[in-house]
Amino acid sequence: MAAELRLMIPTNESVEPDDRQLVRTIRSGDPDAFEQLVRRKTSKVYSLCYRIIGNAEDAKDISQLVFIKLWENLEKYDPAYAFDTWLYRIVTNVAIDFMRNKQSRENAVNSNLRLVKTSTDAEQGVVVQRKEIENVFNTVSDVLSPKQKTIFVMSEMDDLRSSEIAKILGCRESTVRNHLFNARKLMQQQLKKRFPEYSRLWEERS
Amino acid sequence: MMSCQSFRANAESREPEVLEHLRKCDACLEYAVSVDPDHFFRAIGGEELEPPGGVDAFTADVMAQVRLRQAEGSVARRFLIAPRRLAAAAVIVVAIGAGALVYERNDQNVGPTLSRSAPAESRRHVITATKPIVETYQSQGATIVEIPSQGSNDASVVMIFDDSLPADL
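Analysis parameters
- Numbering of residues starts from 1 in every chain and runs along the sequence as written.
- By the order in which they are written, chains take letters starting at A while ligands take numbers starting at 1.
- Only residues with pLDDT of 70 or above have their local features reported here, since the model is predicted, and side-chain atom pairs are shown and tallied only from 80 upward, although totals for entire chains, interfaces and linings are computed over all residues.
- In computing side-chain values, all of the structure's heavy atoms are included and hydrogens and water are not.
- Helical segments are the DSSP runs of H or I of at least four residues, strand segments are the runs of E of at least two, and each set is numbered from the N terminus.
- Exposure categories follow from relative accessible area, calculated using a 1.4 Å probe and restricted to protein chains: below 20% of the type maximum is buried, above 50% is exposed, and the middle band is partly exposed.
- Only heavy atoms matter for contacts: two residues are in contact if any of them lie within 4.5 Å across the pair.
- When two parts are brought into contact, each loses some accessible area as probed by a 1.4 Å sphere; the total of that loss over both is the buried area.
- A pair is scored as a salt bridge if a Lys or Arg side-chain nitrogen falls within 4 Å of a carboxyl oxygen belonging to Asp or Glu.
- Residues adjacent in sequence count toward polar contacts only when both atoms are side-chain atoms; beyond that, a polar contact is any pair of N or O atoms within 3.5 Å, and within protein one must be able to donate a hydrogen and the other to accept it.
- Residues are grouped as follows: Ala, Val, Leu, Ile, Met, Phe, Trp, Tyr, Cys and Pro are nonpolar; Asp, Glu, Lys and Arg are charged; every other residue, Gly included, is polar.
- Only Phe, Tyr and Trp rings are paired, with Trp represented by its six-membered ring, and only when their centres lie within 6.5 Å; those with planes under 30 degrees apart are stacked, over 60 edge-to-face, the remainder tilted.
- Whether a charge sits over a ring depends on NZ of Lys or CZ of Arg being within 6 Å of the ring centre and within 35 degrees of the ring normal.
- pLDDT expresses, on a scale from 0 to 100, how confident the predictor is about each individual residue.
- To form a nonpolar core, buried Ala, Val, Leu, Ile, Met, Phe, Trp, Tyr and Cys residues must be joined to one another through side-chain atoms within 4.5 Å.
- Where each domain begins and ends is defined by an automated method or by a domain database.
- Only a pair of cysteine sulfur atoms within 2.5 Å qualifies as a disulfide here.
- Patch membership is restricted to residues that have no salt bridge and whose relative accessible area is over 30%. Joining uses 9 Å for like charges and 5 Å for the nonpolar side chains Val, Leu, Ile, Met, Phe, Trp and Tyr.
- Residue exposure ignores everything except the shown protein chains as possible cover, and the areas themselves are Shrake-Rupley values with a 1.4 Å probe.
- All axes are obtained by fitting lines to C-alpha atoms, using only the stretch in contact for helices, and the reported angles, taken between N-to-C directions, cover 0 to 180 degrees.
- Note that the term roughly parallel is reserved for angles under 35 degrees, roughly antiparallel for angles over 145, roughly perpendicular for angles of 65 to 115, and oblique for everything else.
- Crossing handedness: left-handed means the near helix sits turned counterclockwise from the far one by under a right angle, and right-handed means the same turn made clockwise.
- Working rule for helices: expected span equals 1.5 Å times residues minus one.

Quick word on the overall build of chain A
No. 1: Within chain A one finds 12 helices and 0 strands.
No. 2: Written out in order from the N terminus, the α and β elements of chain A read α-α-α-α-α-α-α-α-α-α-α-α.
No. 3: In chain A, which comprises 206 residues, the proportion classed as buried is 46%.

Encoded structure:
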């Protein structure tokens, strides 16, 4: 009896369609399904865009562009592949194009304060430190190429493996590792120049 | 979330639980960075951010853009249908024109010196004009018959019967 009841009462999992099901519904002409997909992926897309671009307003515009491109190209999505891999590919392409076309790096340095978490007094010291790390990152990542920065963000902040990044960017895993190695090296050089107090962390370890 | 003790024991790892602790526990941040300096930048990742104005406003903006593009797309499709009709009409016109040309060419092959619109009388005149014109005639065995004309405007007809004349004269 209990088993029968369980079958009749839908769980959260059965109510929420997965990404592939949503795409199928959108393709059949349901605009509400697309709205649901946008709502579901907004934070993921925006976070990646923000970390790559370093500017809240630009990241918002780029995220919108990503979803419009997604809607325009939804027919091209092959459900044999993970939806997020395909979505990340659109995000990285749009973000890299944006970075190449518009030199918005100067804006990136000072525009991140809006997104830093507010804190209680007890946390003040450490929150300032996290805020400082964000500022340091936006400053030293200035020397990276758009592709290097994208790979660094996906690896270190989005915790994606090299193999996943290679799939997203359509390149070899060794290329990803090479970009990561160069990105770290360039950023350490910049830390040494601009933030010697932090560069000591790497020096002490080596 | 894992305890600080477990975190410090596995601080060099990149396991999701370790990274989650790194990003949430301020007390362990400095220790983690001292163990692995690459944790320095990893500490600012992980958290999912919201666009300025919130997810609802963002979604509404995206859907408005999508609807706008949908509307533009349907207008473009309508424009796309009209050229197709125009192209079909053009094909018909070209076909008719080509047919007329072929017909005219075939007609010209029948009589190359004549225009199709030339009246039948002039055609007859031109054909007879190719024959030699006889102004004087002398023959011993010929019979000449002149048909009397009705008036000064009427053409005078003269008939010559002669066995020695060529057949096509």
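Observations concerning the side chain of Q64(A)
No. 1: Mapped onto the secondary structure, Q64(A) falls in helix α5 (residues 56-72).
No. 2: According to the relative accessible area criterion, Q64(A) is buried, its value standing at 14%.
No. 3: Each residue touching Q64(A), except ones within four places of it in the same chain, is listed here: F58(B), D61(B) and V62(B).

Brief notes about the interface of chain A and chain B
Note on interface size: it is often stated as the accessible area lost on association of the parts.
No. 1: Listed as interface residues are 44 residues of chain A and, on the opposing side, 40 residues of chain B.
No. 2: Contact between chain A and chain B buries roughly 4,000 Å² in total, counting both sides, with carbon and sulfur atoms accounting for 63%.
No. 3: R69(B) serves as the salt-bridge partner of E72(A), at 3.0 Å between the closest nitrogen and oxygen.
No. 4: Here chain A and chain B share 11 residue pairs in polar contact (both at pLDDT 80 or more) between them.
No. 5: Elements with a minimum of two residues in the side of chain A that touches chain B: α4 (31-53), α5, α8 (124-140), α9 (146-156), α11 (173-194) and α12 (196-205) of chain A.
No. 6: At 12 residues, α4(A) tops the list of elements feeding residues into the side of chain A that touches chain B.
No. 7: Along the lines of polarity and charge, the residues of the side of chain A that touches chain B split into 22 nonpolar, 7 polar and 15 charged.

Looking at the packing of aromatic side chains
No. 1: The full count for this structure, using the stated rule, is 9 aromatic pairs over all chains.
No. 2: Connected via pairs of aromatic rings, a cluster forms that spans F137(A), F152(A), F40(B) and F41(B).
No. 3: Over the face of the ring belonging to Y31(B) we find R8(B), whose NZ or CZ atom lies 4.9 Å from the ring centre.

As for the confidence of the model for chain B
No. 1: Considering every residue of chain B, the mean pLDDT works out to 77; 76% of them sit at 70 or more.
No. 2: This complex was scored by the predictor with a pTM of 0.65 and an ipTM of 0.75.

With respect to unusual backbone geometry
Residue and element names in this part refer to chain A.
No. 1: Notably, D159 is not glycine yet its phi reads approximately 60 degrees, a positive angle.
No. 2: As for its position among the elements, D159 is in the loop between α9 and α10 (162-169).
No. 3: Overall, the relative accessible area of 29% leaves D159 in the partly exposed class.

Comments concerning the pattern of salt bridges
Two side chains of opposite charge can pair, provided their charged atoms sit close to one another.
No. 1: The tally for this structure, following the rule as stated, stands at 17 salt bridges over all chains.
No. 2: Close ionic contact of E164(A) with R161(A) constitutes a salt bridge, the shortest N to O distance being 4.0 Å.
No. 3: Here E164(A) falls in the partly exposed class, since its relative accessible area comes to 30%.
No. 4: With relative accessibility at 57%, the residue R161(A) sits in the exposed group.
No. 5: The shortest N-O distance in the salt bridge between R42(B) and D36(B) comes to 3.2 Å.
No. 6: Overall, the relative accessible area of 3% leaves R42(B) in the buried class.

Comments concerning the nonpolar core
No. 1: Ranked by internal contacts, the top residues of the largest apolar core, which has 76 residues, are F34(A), L70(A) and F41(B).
No. 2: Take this core: its biggest share by element is 11 residues, from α4(A).
No. 3: When we break this core down by domain, the ones giving at least three residues each are domain 1 (4-48) and domain 2 (53-106) of chain B.

Observations concerning the state of the cysteines
No. 1: In total, this model carries 0 disulfides over all chains according to the counting rule given.
No. 2: C4(B) takes part in no disulfide bond, and the closest cysteine sulfur, belonging to C28(B), lies 3.6 Å away.

Details of a nonpolar patch on the surface
All names here are of chain B.
No. 1: A cluster of nonpolar side chains, contributed by V145, I147, V157, M159 and F161, occupies part of the molecular surface with about 400 Å² of accessible area.
No. 2: Sorting the residues of the nonpolar patch by element identifies β1 (143-147) and β2 (157-161) as the ones contributing at least two each.
No. 3: It is β2 that provides the largest number of residues to the nonpolar patch, a total of 3 residues.
No. 4: Exposure remark for M159: the relative accessible area of 36% places this residue in the partly exposed category.

Some words on the side chain of R51(A)
No. 1: Here R51(A) shows up in helix α4.
No. 2: A residue is classified by how much of its surface remains accessible, and R51(A), at 7% relative accessible area, is buried.
No. 3: Once you skip the residues sitting within four places of it in the chain, R51(A) turns out to touch F137(A), K149(A), V153(A), M157(A), D158(A), I44(B), G45(B), G46(B), E47(B) and L49(B).

Describing the packing of helix α6 (residues 83-101) of chain A against α10(A)
Residue and element names in this part refer to chain A.
No. 1: Remark: α6 packs on α10, axes separated minimally by 8 Å, with the N-to-C direction vectors making an angle of 65 degrees. The angle between α6 and α10 falls in the class roughly perpendicular. Considering the relative orientation of α6 and α10, their crossing is right-handed. Here T85, Y88, R89 and T92 of α6 lie close against α10, whose contacting residues are K167, I168 and L169.

Some details on α6(A)
All names here are of chain A.
No. 1: Its 19 residues give α6 an end-to-end C-alpha distance of 27 Å, which sits within 8% of 27 Å, the value for a rise of 1.5 Å per residue.
No. 2: The set of residues buried in α6 consists of F83, W86, L87, Y88, I90, V91, T92, V94, A95, I96, F98 and M99.
No. 3: Buried residues in α6 make contact with α3 (19-27), α4, α5, α9 and α10.

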